[in-house]
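Architecture and fold: a report
Now for the letters of each chain:
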Amino acid sequence: MKNKVLKITTLTILLFYKGFSQNIACGGWHSLTICNDSTVKAFGENATGQIGNGNTTDQSIPSTVAGLSGIKAVSAGGDQLEAHSMALKSNGTVWCWGSNLYGALGNASATGTFVTAPVQALLLTNVKAISAGGWHSVALKSDGTVWCWGWNADGQLGDASTVNKIIPTQVTSINNVVKIAAGTYHTLALKSDGTVWAWGDNVNGQIGNSTTGTDALAPVQVNGLTNVVAIAAGRFFSLAVKNDGTVWTWGQNLYGQLGNGNTTDSNTPVQVSGLAGINSAIAAAGAFHCHALKNNGTVWSWGRNTHGNLGNNTVADSNVPVQMTNFSNPVGMAAGTNFSLFFKADGSLWGTGRNASGQLGDGTTTQRNIANQSAVSCSILQNSSTTSLKTDAISDVLIYPNPSSGVYYFKLATELQSGKQITVINNLGQLISVEYSALADNLLSINLKNQPSGIYFALIETEKGQMRLKLIKN
């Protein structure tokens, strides 16, 4: 069979943004996970009902959050005792529980109270991502608009005021947003053009606009950042991953959480030292520490380590990345106040760091200085992008090599012989014009050699259905 080369110029209407997993979440001292049946389990500190099981008793064994099903994302907020939780349903509605001290539940109820079971946040439909801050909440709708509610003393709601809101309110001065991240007192947004915007508290320069001490009551652009594919926010600092696999941080650096070899704050982004190959865009920022996953499966950590939360079997802070001990190949991660959680492709959950409230979910309150497997009684829901995806309509496909320097081969099942089409998008959902070659009836190749390193998604259309396949380019 003669090789056939086609140019793909049409975009399939399906955008998938790979990045920080929302299948698990860490708050101040509590945790959330989504089970593979799309229900939610919670564990840890429960003083304000953030576990969602009808009481205020701490829980070291994961317990099911009452009345939640069809969940596709979770987020945990708060700072220690006053905390709340969020869940996003597949129908685009948002549900919250726990502390409502400043209106973070978004249901127009009286502030200064808490609830021990989920309530629906008002006025929100078609939501695709959520993020819980210290005492405020953020939602991203499918139209690229951002909505915030709760505490606003530092301008973290982005509505040009410092007035608290008990119902979701649109951030009208920003659009075309593809990712959001709520810190304890500030908020980040990643736009479709790869730029990062920030608003709220700026006491340590975490807004990233070359100022310190002046809060931003509306979104301002972070200086010098382009081609960003993922973002995260800590207590007083911020993090971004670029499409070249480098990691950038700004804000407070008291514990070395900027990872650039010193402990000096920075009000503009600085590159994390000696860290490259984060092309998976899997990383996490806790209150004072960070983790990132390299393409080779190793996990690297930096920042505060008082409770062993860096997972390198010490309690010494580090201002440069250090490798986690005896742990590799997670597919998702989250970080809270001095603890972290990870999950693997087999559905297992792992945790390291502070555990005094049972937030590691391993049935104890014992601190862990290396990653320890949780006692969670369900498999964690996996991300929808995998290197092999099987549905009722189509069968498996084999990709090799993956990662690759640019050329990928697809071994297709026989029923995919007719009607083949491949579309490739980058991490921002933008169409990448590529060539593919049909080498045989069930063997295809594509060439990404002219594209920068990073994560891409091949969408293979057939007469029977569509499969989404993650490609890692070195």
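Heads up: the structure comes first, above all this text.
Notes on the structure follow. Computed from a predicted model, the values in this text were never measured in an experiment.

Moving on: the overall build of the chain. Broken down by element type, the chain carries zero helices and 37 strands. Across the 474 residues of the chain, 60% fall into the buried class. Within the chain, contacts between residues separated by at least 24 positions form 55% of all contacts whose residues are at least 6 apart in sequence. When the accessible surface of the chain is split by element, carbon and sulfur atoms take 49% of a total near 16,100 Å².

For threonine 314, the position within the fold is in the loop between strand 24 (298-303) and strand 25 (318-328). For threonine 314 and isoleucine 370, which are 56 residues apart along the polypeptide, the C-alpha to C-alpha distance reads 8.4 Å. Filtering out sequence-adjacent residues up to four positions away, threonine 314 remains in contact with Asn305, Gly308 and Asn369. Within the structure, the side chain of threonine 314 is placed 3.1 Å from the side chain of asparagine 312, a separation counted as a polar contact.

Let's shift gears to the pattern of salt bridges. Any two side chains of opposite charge can pair, on the condition that their charged atoms come close. This model, assessed by the stated rule, comprises three salt bridges. Across the salt bridge formed by arginine 235 and aspartate 79, the nearest N and O atoms sit 2.5 Å from each other. Placement of arginine 235 in the loop between strand 18 (228-233) and strand 19 (237-242) and of aspartate 79 in the loop between strand 6 (71-76) and strand 7 (84-89) is noted, with a sequence separation of 156 residues between them. Assessed through its relative accessible area of 12%, aspartate 79 is described here as buried. Note that arginine 368 is salt-bridged to aspartate 362, the shortest N-O span being 2.9 Å.

Next up on the list: the nonpolar core. In this structure, Val146, Val196, Trp199 and Ile231 are the most contacted members of the largest nonpolar core, which totals 28 residues. Those elements giving two or more residues to this core turn out to be strand 11 (136-141), strand 12 (146-150), strand 14 (177-182), strand 15 (186-191), strand 16 (196-200) and strand 18. Element by element, the count of residues in this core is highest for strand 14, at five residues. When neighbours within four sequence positions are excluded, valine 196 is seen to be in contact with Ala189, Leu190, Val220, Gln221, Val222, Leu225, Val228, Ile231 and Trp250. In terms of nonpolar packing, the next biggest core, distinct from the first, is built from 18 residues, Ala232, Val272, Ile278 and Ala281 among them.

On the basis of which strands lie adjacent, the open sheet formed by four strands has the order 14-15-16-17 and antiparallel pairing. The open sheet has two free edges, formed respectively by strand 14 and strand 17 (216-221), since each of these has just one partner strand. Neighbour to neighbour, the strand axes of the sheet diverge by 15° on average, direction disregarded. Bridge count between strand 14 and strand 15: five bridges; the pairing is antiparallel. Across the sheet, isoleucine 180 pairs through a bridge with alanine 189, a residue of strand 15.

All right, on to the packing of aromatic side chains then. Centre-to-centre distance and the angle between the planes together describe a pair of aromatic rings. By the definition in use, this model includes nine aromatic pairs. Ring centres 5.1 Å apart and planes at 55° place the aromatic pair phenylalanine 327 and phenylalanine 342 in the tilted group. Residue phenylalanine 327 is found in strand 25, and its partner phenylalanine 342 is found in strand 27 (residues 339-343); the two are separated by 15 residues along the sequence. In this structure, phenylalanine 327 and phenylalanine 342 share a single accessibility class: buried. Taking 5.7 Å as the distance between ring centres and 20° as the angle between the ring planes, the aromatic pair formed by tyrosine 400 and tyrosine 409 counts as stacked. Since its relative accessible area comes to 35%, tyrosine 400 is described here as partly exposed.

What follows covers empty space enclosed by the protein. One water molecule sets the probe size; rolling that probe over the atoms shows where empty space is left. Scanning all chains against the criterion turns up one cavity of 30 Å³ or more. Considering only enclosed or pocket space, the largest cavity measures out at about 30 Å³ in volume. Surrounding the largest cavity, eleven residues form its lining, Val229, Lys242, Asn243, Asn279 and Gly454 being those nearest its centre. Elements with a contribution of two residues or more to the lining of the largest cavity: strand 19 and strand 36 (454-461).

Sheet architecture is open: four strands sit in the order 6-7-8-9, paired in antiparallel fashion. At either end of the open sheet lies a strand with only one pairing partner, and these are strand 6 and strand 9 (113-120). For this sheet, the mean angle separating the axes of adjacent strands, direction not counted, is 10°. Sheet analysis places strand 8 (residues 94-100) next to strand 9, joined by five bridges and oriented antiparallel. Opposite tryptophan 95, over in strand 9, you have glutamine 120 as the bridge partner.

The subject of this paragraph is a nonpolar patch on the surface. On the surface, a nonpolar cluster with roughly 320 Å² of combined accessible area is contributed by Leu122, Leu123, Ile166 and Ile167. Relative to the elements of secondary structure, isoleucine 166 occurs in strand 13 (residues 165-170). Residue isoleucine 166 is classed as partly exposed on the basis of its relative accessible area of 36%.

Below, the discussion takes up the pairing of strand 20 (residues 247-251). Extensive coverage of strand 20 is indicated by the burial of four of its five residues. Across five bridges, strand 19 lies against strand 20 in antiparallel orientation. Within the sheet, the bridge partner assigned to phenylalanine 237 lies in strand 20 and is glycine 251. Following strand 19, the chain reverses through four residues before pairing antiparallel with strand 20; glycine 245 in that reversal takes a positive phi of roughly 85°. With three bridges joining them, strand 20 and strand 21 (residues 266-271) adopt antiparallel strand pairing. By the bridge assignment, glycine 251 is partnered in strand 21 with serine 266.

How each quantity is defined
- Residues numbered from 1 in each chain as written.
- Predicted model: local features only at pLDDT ≥ 70, side-chain atom pairs only at ≥ 80, totals over all residues.
- Heavy atoms only, no water.
- Helix = DSSP H or I, 4+ residues; strand = E, 2+ residues; numbered from the N terminus.
- Buried < 20%, exposed > 50% of the residue type's maximum accessible area, 1.4 Å probe, protein only.
- Contact = heavy atoms within 4.5 Å.
- Areas by Shrake-Rupley, 256 points an atom, 1.4 Å probe, with all protein chains shown as cover.
- Polar contact = N/O pair within 3.5 Å; in protein donor to acceptor, adjacent residues only side chain to side chain.
- Salt bridge = Lys/Arg side-chain N within 4 Å of Asp/Glu carboxyl O.
- Core = buried A, V, L, I, M, F, W, Y, C linked by side-chain atoms within 4.5 Å.
- Pairing = 2+ DSSP bridges.
- Axes fitted to C-alpha atoms, helices over the stretch in contact; angles between N-to-C directions.
- Phe/Tyr/Trp six-rings, centres within 6.5 Å; stacked < 30°, edge-to-face > 60°.
- 1 Å grid on protein atoms, 1.4 Å probe; cavity = no way out; pocket = protein on both sides within 12 Å on 5 of 7 lines; lining within 4 Å.
- Points joined across faces, edges and corners; volume = space filled by probe spheres on them.
- Patch = residues over 30% accessible without salt bridge, like charges linked within 9 Å, V, L, I, M, F, W, Y side chains within 5 Å.

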